[in-house]
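# Remarks on the overall topology
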Amino acid sequence: MRIARFSIDGNVAFGAVEGDRQDELVLDIIKGIPFADFELSGTKVPLNKVRLLPPVLPNKVVAYGRNYAEHARELGDEVPEVPFAFLKPSTSVIGSGDEIVYPSFSEELHHEAELAVVIGRLCREVPRERVKDVVLGYTCANDVTARDVQRREKQWARAKGFDTACPLGPWVETDLDPADLTIQLTVNGQQRQLGRTSEMINSVEDLIVHISEAMTLLPGDVILTGTPAGVGPLNPGDEVAVTIEGIGTLTNKVIKRG
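Here the structure is a predicted model, which means the values were calculated and not measured. (Residues numbered from 1 in each chain as written. Predicted model: local features only at pLDDT ≥ 70, side-chain atom pairs only at ≥ 80, totals over all residues. Heavy atoms only, no water.)

## Quick word on the overall build of the protein chain
- Counting secondary structure elements, the protein chain contains five helices and 20 strands.
- For the protein chain, the C-alpha radius of gyration of 17 Å lies close to 18 Å, the compact-globule estimate for 258 residues.
- In terms of overall dimensions, the protein chain has C-alpha extents of about 55 × 45 × 30 Å along its principal axes.
- For the protein chain, the proportion of its 258 residues judged to be buried stands at 52%.
- Once local pairs closer than 6 in sequence are excluded, the contacts in the protein chain between residues at least 24 apart make up 69%.
- Charged side chains of the protein chain number 27 positive and 38 negative; the gap between the two group centres comes to 5 Å. (Helix = DSSP H or I, 4+ residues; strand = E, 2+ residues; numbered from the N terminus. Rg over C-alpha atoms; globule rule 2.2 N^0.38 Å. Buried < 20%, exposed > 50% of the residue type's maximum accessible area, 1.4 Å probe, protein only. Contact = heavy atoms within 4.5 Å. Lys, Arg positive; Asp, Glu negative; His and termini not counted. Charge placed at Lys NZ, Arg CZ, Asp CG, Glu CD.)

Now the structure itself:
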């Protein structure tokens, strides 16, 4: 099931996305929330009549760096011996169609296409065999990065945590095997990144086991699993699109702070 979060006439709701053709997609409004037992209402609205929102509002976004060897090498970094985690604040999250605002303190903004894992239930110290039980589903992410700030400040809080630095969407796909999916990113229609999740050094299971040893994960929390090689610059006016096999396409435009 594809679960979207959207607004219509000032109201916010979740809905199940139905249909195959983009121009014919509809939302069957969900009674309740997707983190508990829910029913479909049978009330349907065309997708093109609503505004898509970030598919979840995470308490926290846990991101993993250098989880693709070629990406680590392209930036001149060593492949880490253990998973390398950092946090992006909830205020960095935007949805598909929202604008990425180029931060005033950077002159080198980069895109990073990533598979995002959405947590479905409260959990801690998750054993590997139970990982599937705590995952709601998967969505597309762009770990937007002020690369010059990342190099200069060493700590990544500002470089990767500024407002609009974490586009997520367009929806959550609940029925998906994340082991070997195509990830691609285009800027203004030109391909920049192309990889497969099978190239990840640490699997989804590895990452959830690793982070849940240290902190409690809450429903709606998001895990970013790293980016394949090919990261590069974004400029005001660019349209950047992340497409992941079996999920869909997350699209955002870059603007200059007005």
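## Details of the sheet that holds strand S13 (residues 145-146)
- Spatial ordering of the open sheet is given by S13-S10-S18, a layout of three strands whose pairing is antiparallel. The sheet is open, and its two borders are formed by S13 and strand S18 (232-234), each paired with just one other strand.
- Relative to S18, strand S10 (residues 109-111) is paired through three bridges, and the arrangement is antiparallel. When the sheet's bridge partners are listed, histidine 110 is paired in S18 with proline 233. (Pairing = 2+ DSSP bridges.)

## Details of the environment of glycine 161
- One can find glycine 161 in helix H4 (residues 157-161).
- On the basis of relative accessible area, glycine 161 is assigned to the buried category, the value being 11%.
- Separated by 15 residues in sequence, glycine 161 and alanine 146 place their C-alpha atoms 9.3 Å apart.
- The residues contacting glycine 161, other than those within four sequence positions of it, are Pro89, Ser92 and Trp156.

## Re the side chain of arginine 5
- By secondary structure assignment, the location of arginine 5 is in strand S1 (residues 2-8).
- Buried within the structure, arginine 5 lacks any salt-bridge partner; its nearest side chain of opposite charge belongs to aspartate 98, at an N-O separation of 8.1 Å.
- A distance of 3.0 Å separates the side chain of arginine 5 from the backbone oxygen of proline 54, its partner in a polar contact. (Salt bridge = Lys/Arg side-chain N within 4 Å of Asp/Glu carboxyl O. Polar contact = N/O pair within 3.5 Å; in protein donor to acceptor, adjacent residues only side chain to side chain.)

## Section: the sheet that holds strand S9 (residues 99-102)
- Read across the open sheet, the five strands follow the order S9-S20-S19-S15-S16; overall the sheet is mixed. In this open sheet, the two edge strands, each paired with only one partner strand, are S9 and strand S16 (190-196). Between one strand axis and the next, the sheet turns by 20° as a mean value, whatever way the strands run.
- Across six bridges, the pairing between strand S15 (residues 182-187) and S16 is antiparallel. Of the residues in S16, the one forming a bridge with leucine 185 is glutamine 193. (Axes fitted to C-alpha atoms, helices over the stretch in contact; angles between N-to-C directions.)

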